[in-house]
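Listed below are the residues making up each chain.
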Amino acid sequence: MQVDLRESWWIRDVEIPSRLVLAPMAGVSVQAFRRQGRRYGAGLVCSEMVSCAGLEHRNERTLGYLRVARDEHPLAIQIFGSEPAVMADAARMVVAAGADIVDINFGCPVRKVTKTGAGATLLEDPDRACAIVDAVATAAGVPVSVKMRRGLENGSRVCLEIGPRLVDAGAATLTLHPRSARQMYTGEADHSLTAELVELVDVPVIASGDVTSRARAQSVLATTGAAAVMVGRAAQGNPWALSEIVNGDAGEPSRDDVAAELIVFVRETVRELGERRASGFLKKFYGWYLGRGRFPRPFKQELVQLESTEEVVTRLLAASPGAAELVERLEAELPDPADEILLDSMPISIYGGG
Ligand SMILES: Cc1cc2nc3c(=O)[nH]c(=O)nc-3n(C[C@H](O)[C@H](O)[C@H](O)COP(=O)(O)O)c2cc1C
């Protein structure tokens, strides 16, 4: 059975225009990444995980994650924490910021998060996990989704026990990344578990893990019955993978295409994070964009050494003069940044990006 990835589907009353969801990735899923993902065919994009404690304390950097642009909807904002009441307050804030869906993180395997009782550890505490979903669903007024791993230990099938309970508690969709927390990103995602979860719940399931091509996406959808696939690492510095998966658009981008997308990404990220934070944040993206044999290796190393992002843009334009016209076209299509929804409680300095 061939599944059309361009078909829309629904999470309660939110229409998702394609069967590809862009994964939440800490240190990656900035606004520029999400907006680019939407342009290349993702039906739903997601923020990186946002700390509910950080929101509770009005931490400036945490609040910065809640900047939402007009052209990224439908958008899920992901929150993590371990206290139902604090998570409920966080949910109200992210909805006020413009989230169409509140996503709850029950998958993060990183110790900094799990030691606080949040992320994947909640898979071992189903009562608390359900209390969180219940509190968030009651507070949010928009659909609530949960993203989880298979369990903490290798071979765990805990996701199949807790999944239906999370739905009963109010989850409108479940995303399963079927690796254990212990595995981190090693081994393979076992999507036979995704198929089992689909059988157990009457909400749409999103399959996350190792979807890197159209063929793989088709096979995961067909063999699991999932409503959508989620794509993470394959989209890093490579939005073309998204249009390949959704539309079957084949072919490597030209150098000018790559340079133009990277330049727009750099400028948008500087606008969001400010020059100082953006220049460090962006370095990993240079390798992601320019690798894959697209540009010679020394060129990437040269960009990483440059002091300012302006120099990076100048160097990219010198290497790929045809990119200038493409950049102009891309930037003309972006909405005015003044259209962003700004929360009253946000400190002024984050509006300027600094
Ligand atoms: C750098 C990085 C950061 C991630 N951050 C998050 C996160 O904040 N929240 C989350 O639910 N998953 C996070 N993930 C997991 C991804 O969303 C996804 O489930 C996982 O990478 C498997 O999909 P993939 O094989 O398509 O990359 C992260 C993954 C990576 C590689």
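Draft legend 1. Local environment of the overall build of the chain. Of regular secondary structure, the chain possesses 16 helices and eleven strands. Rg of the C-alpha trace for the chain: 20 Å, near the compact-globule value of 20 Å for 354 residues, within the 12% margin. When its C-alpha atoms are laid out on the principal axes, the chain stretches across 55 × 50 × 35 Å. Counting the 354 residues in the chain, one finds 57% classified as buried.

Draft legend 2. Local environment of the state of the cysteines. Applying the stated criterion across every chain, the model contains zero disulfides. Just so you know, cysteine 52 is unpaired, no disulfide at all, and the nearest cysteine sulfur is the one on cysteine 108, 13 Å from it. The class of cysteine 52 is buried, set by a relative accessible area of 5%.

Draft legend 3. Representation of the pairing of strand 6 (residues 75–80) in the model. Taking burial as the measure, the six residues of strand 6 include six buried ones, the bulk of the element. Covered by surrounding structure in strand 6 are Leu75, Ile77 and Ile79 together with Ala76, Gln78 and Phe80, the residues of both alternating faces. Where strand 5 (residues 50–51) lies against strand 6, two bridges are found, and the strand directions are parallel. Looking at strand 6, one finds that valine 50 is bridged to isoleucine 79. Where strand 6 lies against strand 7 (residues 101–106), four bridges are found, and the strand directions are parallel. Note that in strand 7 the partner of alanine 76 across the bridge is isoleucine 101. As a crossover connection, the stretch from strand 6 through helix 4 (residues 84–97) into strand 7 is right-handed.

Draft legend 4. View of the layout of surface pockets. Taken as a whole, the largest pocket encloses approximately 1000 Å³ of empty space. Around the largest pocket, the lining comprises 48 residues; the ones closest to its centre are Ala26, Met49, Asn105, Cys108 and Tyr185. Put simply, the parts of the chain that give the lining of the largest pocket at least two residues each are strand 5, helix 2 (52–56), helix 3 (60–64), strand 6, helix 5 (111–114), strand 8 (144–151) and strand 11 (228–231). Here the residues of the lining of the largest pocket are counted per class, giving 24 nonpolar, 15 polar and nine charged.

Quick notes on the rules
- Each residue is numbered by its place in its chain's sequence as written, counting from 1.
- Where totals are concerned, whole chains, interfaces and linings use all residues; where local detail is concerned, this predicted model gives features only for residues with pLDDT of at least 70, and gives and counts side-chain atom pairs only at 80 or more.
- To get the side-chain values, all heavy atoms of the structure are used, and hydrogens and water are removed first.
- The helix and strand labels rest on DSSP assignments: H or I over at least four residues marks a helix, E over at least two residues marks a strand, and numbering proceeds from the N terminus.
- Throughout, the radius of gyration refers to the C-alpha atoms, and the reference size of a globule is 2.2 Å times the residue count to the power 0.38.
- Only protein chains enter the area calculation, which uses a 1.4 Å probe; residues under 20% of their type maximum are buried, those over 50% are exposed, and those in between are partly exposed.
- When two cysteine sulfur atoms are found within 2.5 Å, that pair is recorded as a disulfide.
- Two strands are counted as paired when DSSP detects at least two bridges linking them.
- Throughout, right-handed denotes a crossover for which the path from the first strand over the helix to the second runs clockwise when the strands point away from the viewer.
- Here the term cavity refers to a set of points on a 1 Å grid, laid over the protein atoms alone, in which a 1.4 Å probe fits but cannot get out; the term pocket refers to an open set having protein on both sides within 12 Å along at least five of seven lines, with lining residues being those that place an atom within 4 Å of a point.
- Grid points are joined across faces, edges and corners, and a volume is the space filled by probe spheres set on the points.
- Each residue is assigned to one class: nonpolar for Ala, Val, Leu, Ile, Met, Phe, Trp, Tyr, Cys and Pro, charged for Asp, Glu, Lys and Arg, and polar for all the others, Gly among them.

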